[in-house]
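# Residue-level structural notes
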Amino acid sequence: MRIGFTLKLHPDKIAEYDESHRAVWPEMLALLKQSGISQYSIFRRDAELFLTFTCEDFEKAWSAIEKSPVNARWQAAMAPFFAPMAERRPGERFPMWQEVFYLE
């Protein structure tokens, strides 16, 4: 399953956000992989982010990540960078995008 969603940064935090992702904690990277996430990319255009990754089961993977103390520390470190999210639909963790085309 390929997942895509958006987030938004505070404009004055862009450089710090980019820098933090040049040195993602090894334990956070390990948690993502252990949870079944691969091919994770973050694209940025100004303060807008588009994130994409693959996994077998999004809810299972993200539930495992949310339970981790490593993730709790990472989210606390990242929280100051984010502006309020776009409107989410009922049951969405993030503003999700539906894939309509993929060329492998």
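Just above, that's the structure.
Described in the following lines is the structure provided in the data block. (Residues numbered from 1 in each chain as written. Predicted model: local features only at pLDDT ≥ 70, side-chain atom pairs only at ≥ 80, totals over all residues. Heavy atoms only, no water.)

### Details of the sheet that holds strand 4 (residues 96–97)
Put simply, the test is: One bridge is not enough; two strands pair if DSSP finds at least two bridges between them. By definition, any uninterrupted DSSP run of H or I lasting at least four residues is a helix, any uninterrupted run of E lasting at least two residues is a strand, and each is numbered from the N terminus.
Pairing is antiparallel in the open sheet, where four strands are placed in the order 2-3-1-4. Looking at which strands have only one partner, the edges of the open sheet turn out to be strand 2 (38–45) and strand 4.

### Thoughts on unusual backbone geometry
Of note in this structure, Gln-39 is not a glycine but carries a positive phi near 50°. Relative to the helices and strands, Gln-39 resides in strand 2. Notably, Asp-46 is not glycine yet its phi reads approximately 55°, a positive angle. One can find Asp-46 in the loop between strand 2 and strand 3 (48–54).

### Here's the deal with the pairing of strand 3
Selection criterion: Accessibility here uses a 1.4 Å probe with only protein chains present; expressed as a share of the type maximum, an area under 20% marks a residue as buried, one over 50% as exposed, and anything in between as partly exposed.
Among the seven residues in strand 3, five count as buried, and that is most of the element. With seven bridges connecting them, strand 1 (residues 2–8) and strand 3 associate as antiparallel partners. The residue bridging Ile-3 from the neighbouring strand is Phe-53, located in strand 3. Inspection of the sheet shows strand 2 paired to strand 3 by six bridges, in the antiparallel sense. Across the sheet, residue Arg-44 finds its bridge partner in strand 3, namely Leu-49.

### Describing the packing of aromatic side chains
Each aromatic ring pair is summarised here by two numbers: the centre-to-centre distance and the angle between the ring planes. Applied cut-off: For Phe, Tyr and Trp, where Trp contributes only its six-membered ring, two rings pair if their centres lie within 6.5 Å, and the inter-plane angle classes them as stacked under 30 degrees, edge-to-face over 60, or tilted in between.
Under the definition given, this model contains 11 aromatic pairs. Geometrically, the ring pair formed by Phe-5 and Phe-53 is edge-to-face, given 6.2 Å between the ring centres and 80° between the ring planes. Placement of the pair is Phe-5 in strand 1 and Phe-53 in strand 3, with a sequence separation of 48 residues. The same class applies to Phe-5 as to Phe-53, namely buried. When the ring of Tyr-17 is compared with that of Phe-81, the centres are 5.9 Å apart and the planes differ by 80°; the resulting orientation is edge-to-face. One end of the pair, Tyr-17, is in helix 1 (residues 14–20); the other, Phe-81, is in the loop between helix 4 (69–78) and strand 4, with 64 residues separating them in the sequence. The same class applies to Tyr-17 as to Phe-81, namely buried.

### Some thoughts on the pattern of salt bridges
Put simply, the rule is: Salt bridges are defined as contacts in which a side-chain nitrogen from Lys or Arg sits within 4 Å of a carboxyl oxygen from Asp or Glu.
A complete count under the given rule lists seven salt bridges for this structure. A salt bridge links Asp-18 to Arg-44; its shortest N-O distance comes to 2.8 Å. Linking Asp-18 in helix 1 with Arg-44 in strand 2, this pair joins segments that are 26 residues apart in sequence. Here Arg-44 falls in the partly exposed class, since its relative accessible area comes to 37%. Overlapping salt bridges, with partners in common, bring together Glu-59, Glu-66 and Arg-93 in one network.

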